[in-house]
Structure formats: C-alpha cells, structure tokens
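Residue-level structural notes
What follows is each chain in one-letter form.
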Amino acid sequence: MIRNLLAGLAACLAAAAAHADPIEYFQVDGIVYDDAIPAPEDIIGFGIGDRPVRPDQMVTYLTRLAELSDRISVETIGYSHEHRPIQFFVVTSAGNQSRIEDIRQAHLASLAPGAAPSGGPAIVWLNYGVHGAESAGMDAAIPTLYHLAAAQGPEIEDTLENAVILITAIFNPDGHARRVNHVETFGGEVPVTDPAHEQHTIWSEARTNHYWFDLNRQWLLQTQPESQAWLEQWHHWKPQVSADFHEMFTEATFYFHPGEPLRRNPLIPETARELTQAIADYHIRFLDSEARLYTSEEGFDNFYVGKGSTYPQVNGSLGILFEIGAARGGLIEAERGLVRHGENVRTHFRTSLTTIEGALSRRDDIAAYQRRFFADALDAGQRDSNRAYVFAAPGDPERFNLFVDLLDRHDIAVLSLRRDVQIGERTFRAGDAAIVRLDQPQYTMIRSIFDRVTEFEEDIFYDVSGWTLPLAYDLDYAPLGRNWSETIAGERLRPRETGSAPPARSQYGYVLSWTDYYAARSLYRFLDNDVRVRVATETVTIPVAGGPRTFSPGAIFIPLIGQDTGHDEIYRLVREAAESDGVATYAVVSGSTPGNTPDLGDRRGFRSIERPHVLILFDDGLSSNDAGEVWHLLDYRMNIPVTLRRKGEIGGLDWSRYTHLVIAGGGNARLSDSATERVQQWIREDGGVVIASRQGALMAQEAFLGREAEDSDDGEDADEEDAPDRRDYADLSLDDAEHIIGGAIFEGDLDPSHPIGFGYSDRFIALHRNMTETLERPEDNPFAVVVQYADEPLLSGYASDRRQEEIGGTPAVIAQRQGRGAVVLFADNPNFRGTFRGTEKMFLNAIFFARLISAPSGEY
C-alpha cells in the first residue's frame, strides 16, 4: 500500500514538473541564443506551460522583446471591446527594418498588372489566438518571437534577410482573459488531469470575444473591432502565406492544411493547394522526426471564405490552418495519453518555423503565384459578362454606407453612380446607388461577396454554405451586364462618418424616419430621456419644413405639446439623432395632414410606445453566439441596455421590471415548468413580450401559443415497407449531411403593414436559415404571419430539394397578441453573426412595436 502511494506521489510530482517548461524546452537544437534577450520566465516570472499567460503579461513580454531587438518593431493596431490592445509585430533583419516601408510598397507594386517581381523578401503572416479557449494558439507567439529575436547564426540571419514575418498577438485578448481567469480560479498546486475537473471545462465560454462572437468567422463579415484591426493590416501588406494556429477537441492529434481535397471553394485555384502541400512537407519532416501523429487532408475544408485560413486563399495568399488537440486547463488525460499545454505550444512554435522555412523554399513560386492570381482575377473580371454590380439601400443611407465600408475593408473599389439606371422593374438612382466594377484585382473577393451559389460538388460543410452579403444587408442589387457603360461610373466612394443634417427648429414637433438603420438608437434615446413619442401605424403624409413628405409605417412623431421635457432638450435630441445616428429628421409645421391620411392627433394612426426593458436569457442549453448577437445589436449598436440572465436562474425574478424576454436558439431552449407558467402569466396579465428564435421559437410556440409538440416516431409501429434501403457504412457521413441545411439564405415575403414589418420598402426579404424544423401556421389568426418563405425559397447556399419543399410556404416570422402581451417568433436567427442587417430591423421592431399588434376580433 505504501509503495503504491509513493509511486502515485512520484507520478504526480513528475507530472507537475513536466507541466512547467523553461525556455530551453522550446529552443531549437544546434541554435545559439543571445543571452541579452530575456526568456519569458525572466519577465513574467514563470515558463510557458507552468500557468496560463494573461494577455497583459504577454503584451509586457513581447513589447520588451521589441524594445531589445532591432529585428522586431511593434505597434498597437486596435483594441478589443474590453479595451485590451491588439499588437502587430513586424520581424525581419535590422537592415530590412530600416527600409521596411520601401519593402512593403515594392511588394504591393509587384502585384499590379504587368509589374515585374519585386525580388524582395517573402511576406509571411502568422496569427495566434483568434479563439480565446485555445491556449496554445495564443501562447505559441511567445517562443516564436523569442526565437526570432534571440536565435543567432547564419541560418536565422538568412531567414530574416529573406523574409518579413508579420505576427498579430493576440487576436482575441478578451476571450483569452476569460480563459485564464477560469483556469486560475480552479487550478491548484498539483495538476488535476481528470477531464471532468472544472478547470478543463472553459471552452465555448472563452472561445469568443466579449459579445460572444466567434472571431474566426469575422474575416469576411467585419462586425467586430478586433477583426477590423487585423484585416486592415492584412491588406496593408497582402502577405504571400498566412498561417492560422488553433486547438481542437482533446482526443484529436495534430492537423495542418491543405485540407479535404473535394471541399475547396471553386474560386480558389488548384495551384494554391499544390503550393500549400509543398510547405506541408516541411511540417511532415519535423513531425516525423519526433514520431508525432498528424493528419493533413481530413476533417477541415476550404469553403467558407470568412475563416482565417480560407479568406487569404480568395485574396491571393496561401492560407494554412493548424489545429492541435487541446490541453484545456494545461494537463489533461486522453486516450492517447497525457496532453500537455507546453508540448502543444512547442508544436505550434516549431510548425511556425517550418511554415517560414517552407515559404522560403518556394519563395519565387509563391510570389509568382500571387502575381498571377491578381492578373488572372483582373482578366476574368474584364471578361465577365456581368461587367459590374449596382446596389442601393432605398430610404436607408446608413445601411448603404455600412456596405460601402465593408467593401472598402476588403480593398474593393466602389464607384458612385453618375446617372439613373433601369434594370428590370428597378430604378437605381444617381446619388443613392453605387457601382462595383468587376475589372479590378479584387474580382475573386467581389464574387465571394456577390455570387449566389446553390450547386455544390459535396454537401458537407464545416461552416455556412451561403453568404451573399448584399442579401444579408437587404440591398437592392443587380449585375449591370448590357446596361454597363463607362459613362455611368463616377468617382470612387469611401465610407463616410455617420450623420446627416438636422432640421430647423419647430414649434409643433418633429418626425424621424423609421427606415434608417440607427432609428432604433435614436428612438431609445428619446424614450430614455422621458420624451413622449408616437409611432405611425400606416403610411402618412405630414406637412414638414420644405413641403409635405410621405412616411411609411413606423415613422416616429415627437410632439412638443404634453411633454415634461423642455423644447430645447427635445431639439438637442433631434439634432443628435441626425448628426450622430444619421436618421432623417424633419420639422413639422402642422398637425393637419393632406389627403386620406391620419392627422397627427389621430389615436389609431399614431400610437404611443414605452421604453423597453429587455431581459436576454443565455447559457443552460441556449447558444451563446445567438444570445451574444442580440446583446451586441441592442447594447453596442443601438445603445439599449439589457439584462443578461442564465436560463436556469430566472426563478424569483421581479418580472415587473421587464417588458421583453429574448430566448435564443440552442440545444435546449426549454424552460422549467414553473418558469413557463410564470412567463405565460407575465405575457397575458402584465403585457410582456417574448421574442424567440430558432429552437427558442419552437419551444415558445408550444409553450405560449399552444402548439402541440410533434410526436417522435420510435419506429415500433413503422410499416416495414417504409424502412430505408440498405446502404454502405462508408456513405454514412455523406448521407447524414444530405438533408442538413448548410447555413443557407432563403427568400421570404414580408408584410410591411404589420408592426414587425415597419420600415421596409418592399416585400422581398432574405433570411438566414440553418434550421430544418418549421414553425406551424396559427390556425385562428391569418394576420400573424409577418414573413412567409417563398415556395421555392433557396437564394444562396445549400439545402436539399426535400428541405426546400418542406420549408417553402411555411412561416418565417410569426407575431401575435397574447392577452395584454405578445409573442414574436423567428424560425431562424435574424441577427446571424451581426451581419443580417436587413432582418435585424424586424427584431428591433419586436422590441419597440410588438405591443402595437392587435388580435383579430372575428372568426377565421
């Protein structure tokens, strides 16, 4: 017994000792290191793997390296939501550092049509830490930069003379800080390797940024400050090779690109895969030398262009993904043995070096490939029969400007429209529309953003299959084709600062357009300052300074009479709505409206609304991504405060504080019986509004609108002749994926007269869809379906014929009165990744206008 105890203690002590790694563990054999360059333990007090490295400690250490080494320069390129710095390091020889801007300019000039090769250094980008839970993905930046600063000898001198290495550290400091806090909170003196230990459970919570966004989906979408900071630098340099370091589930070994051969975006040239494989040979050589397990062509695709390893590939670079089985808290048991954080860091560090080595070995080929990529793109754009795209956002110049800003971030040139263009039944007007020419080097990226793709070689997707962004932004857009003429293209447009001219002062009141993107922000500001407002429930023509103007339902009227707030303060808020939010604001000159429209004092045509108090549920089976997107929309974009509460902890809440309850999707959206009963009472008696999406909507339709749950077929009574035909087991993954909706975009028909449809200019609406279950049409209320899917709904992305048939014609959005309150259901996520700015308005309408919904009094 004593012998066993001593053996166990010795094993624990050995594990603890192995858990801490001084810099010698990471140093490359045969390389001499400069003693003047401090090791991590010299600055932060411990070695990599001993304990988690906080973002501030990393900043301190890496900044110190830059101060001490003439090979490294550093700048802060942005800040996270929690105001942590995002640092960008440029590493090359001291001689190159002295002329670094000349090198960058020469590299970019070499990409111009017909330009000669620059003959300059290879440009290699290494990004670490996009997912906060993936500790090795962040910490690998430390030994990498240490090695590049401290290594001595002809090999490193040659490397640095022939390469400029760009390192962003760290991509997601807020997520990493969350992980470190968790690991430290549940850590002890002796490592606990049991996977059930709480220290190892922080994965999804720390993966994301402050608002729970997955930043590795933001290369394309660009809604978060972290991704905006690093993408600006990426295009500032246009690197030739881009490496992206991650962790995955613990039982996995090590993965690196080129990836699944068949799951490649068709816009990516085959040559990119061949060159990536050439670099992979250097990873293989190192990994084989240490008898490591790995895989390089299974499990990960190159399809969705918004990821850190795929985005570079549609922008002329080689994108390389690295994934390693996570050590979670630092040291964890797995079937393949103990997984150790320090070892993971070392593997990422050494494959960082093999990435540089491989890139240099094919330096001329990679540079030639990048030049050819842009030359071929320009040539293809010149031959494309579409010639150019024209787009507009009628009635919403800020949404239009947001799309111009998005294209600008992707280095896509946007031109003004010089004269009106008629395409089919749509007129694109000069001054309100813009043009994207296809004959520009970013042609491949333009197609990535504008193309509607519905045919695929395979129907297995690691991420979404459809991301046509003009649809997500609810833009009017069309290819110009035969309508193209050089005479319609004007000057280049750049994104402008948000804002519009305020109106003159009024002695009667003011009107705000509800079609403007930030109208909800302005409206909440009025309500929060105790200003009484009224909303138009139908189209109305109002006498305003300059002449009568017609407003669509949702227009906000602020009367001056009956206010407790002074006229000066109201006008200040009106000016702020115009100047800060870009909302079109007008001075009213009379309450008498012309024609057959309600006067401003009409109680049916204009309804009062109250300030919302929003409660968002999260966790306990709800998707943090979905909940975070709501939080981000309301708090960050619209400046509407929200209360966040775990779903399992809503018992005992003072429900009188809240007007709205938001229930997002997730694997378990169901509330407890007592919570369901209390929410039902709150809706019917207190006038509460439930807004639910995806699985939350299915639950809410059953719990609050009386839909009966679908019976599950346990197969006992199934007719034997209905049993599926026998299939080979090898086909399992393909068959399982066949009827999954791969994050597609569907068409809906929207009722703009419904309060949830206020502010839309037409009935067409594009909606994100990845749910297979459908909402049921209300049997007793034909007015409750705000949006119905088209009979042939697929606009972009993958959905099998069976799923399209099942979903076509079903409700996409349902909103109906329940007692004094209301229930609003979205079949899918209207705020998907903060990018579907078109459907966001319906969600905001549910916040402000759901109580305007009337129940039908007749029988139907």
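Structure first, text after, so check above.
Residues numbered from 1 in each chain as written. Predicted model: local features only at pLDDT ≥ 70, side-chain atom pairs only at ≥ 80, totals over all residues. Heavy atoms only, no water.

Observations concerning the pattern of salt bridges
- Counted by the stated rule, this structure contains 43 salt bridges.
- Of the charged contacts in the structure, one is a salt bridge between arginine 611 and aspartate 528, with a shortest N-O distance of 2.7 Å. With arginine 611 in the loop between β25 (606-608) and β26 (614-618) and aspartate 528 in helix α19 (residues 519-528), the pair connects residues that are 83 residues apart, well separated along the chain.
- Measuring nitrogen to oxygen at the nearest pair gives 2.8 Å for the salt bridge that ties glutamate 806 to arginine 803. Within this pair, glutamate 806 and its partner arginine 803 are both found in helix α25 (residues 801-807), separated by three residues, close to a single helical turn.
- Using a relative accessible area of 14% as the deciding quantity, one classes arginine 803 as buried.
- Salt bridges here are not isolated pairs; linked through shared partners, they connect Arg521, Arg525, Glu569, Arg572, Glu576 and Asp581. (Salt bridge = Lys/Arg side-chain N within 4 Å of Asp/Glu carboxyl O. Helix = DSSP H or I, 4+ residues; strand = E, 2+ residues; numbered from the N terminus. Buried < 20%, exposed > 50% of the residue type's maximum accessible area, 1.4 Å probe, protein only.)

Comments concerning the sheet that holds strand β9 (residues 318-325)
- If you trace the seven strands from one edge of the open sheet to the other, you get β2-β3-β6-β4-β7-β9-β8, paired in mixed fashion. Looking at the sheet topology across the chains shown, the edges are occupied by β2 (72-79) and β8 (254-256). Taking each pair of neighbouring strands and ignoring which way they run, the sheet shows an average axis angle of 15°.
- Two strands pair when backbone bridges link them, and strand β7 (residues 241-248) and β9 are joined in this way by eight bridges, in the parallel orientation. The partner of histidine 246 across the bridge, within β9, is glutamate 323. (Pairing = 2+ DSSP bridges. Axes fitted to C-alpha atoms, helices over the stretch in contact; angles between N-to-C directions.)

Structural notes on empty space enclosed by the protein
- Inspection of the entire model under this criterion finds four cavities of 30 Å³ or more.
- Of the volumes computed, that of the largest cavity is approximately 180 Å³.
- Around the largest cavity, the lining comprises 17 residues; the ones closest to its centre are Arg399, Asp474, Gly759, Tyr760 and Lys841.
- No other element matches helix α26 (residues 837-849), which puts five residues into the lining of the largest cavity.
- Of the residues assigned to the lining of the largest cavity, the class counts are five nonpolar, four polar and eight charged. (1 Å grid on protein atoms, 1.4 Å probe; cavity = no way out; pocket = protein on both sides within 12 Å on 5 of 7 lines; lining within 4 Å. Points joined across faces, edges and corners; volume = space filled by probe spheres on them. Nonpolar A, V, L, I, M, F, W, Y, C, P; charged D, E, K, R; others polar.)

A look at the packing of α19 against helix α20 (residues 567-581)
- Interhelical geometry of α19 versus α20 gives an angle of 160° and a closest axis separation of 10 Å. Taken as axis vectors, α19 and α20 run roughly antiparallel relative to one another. As α19 runs across α20, the sense of the crossing is right-handed. Contacts between α19 and α20 involve Arg521, Ser522, Arg525 and Phe526 on the former and, on the latter, Ile570, Leu573, Val574, Glu576, Ala577, Ser580 and Asp581.
- Across the contact of α19 with α20, the residue classes break down as five nonpolar, two polar and four charged. (Parallel < 35°, antiparallel > 145°, perpendicular 65-115°, else oblique. Left-handed = near helix turned anticlockwise from the far one by under 90°. Contact = heavy atoms within 4.5 Å.)

Keep in mind these numbers describe shape, not what the thing actually does.
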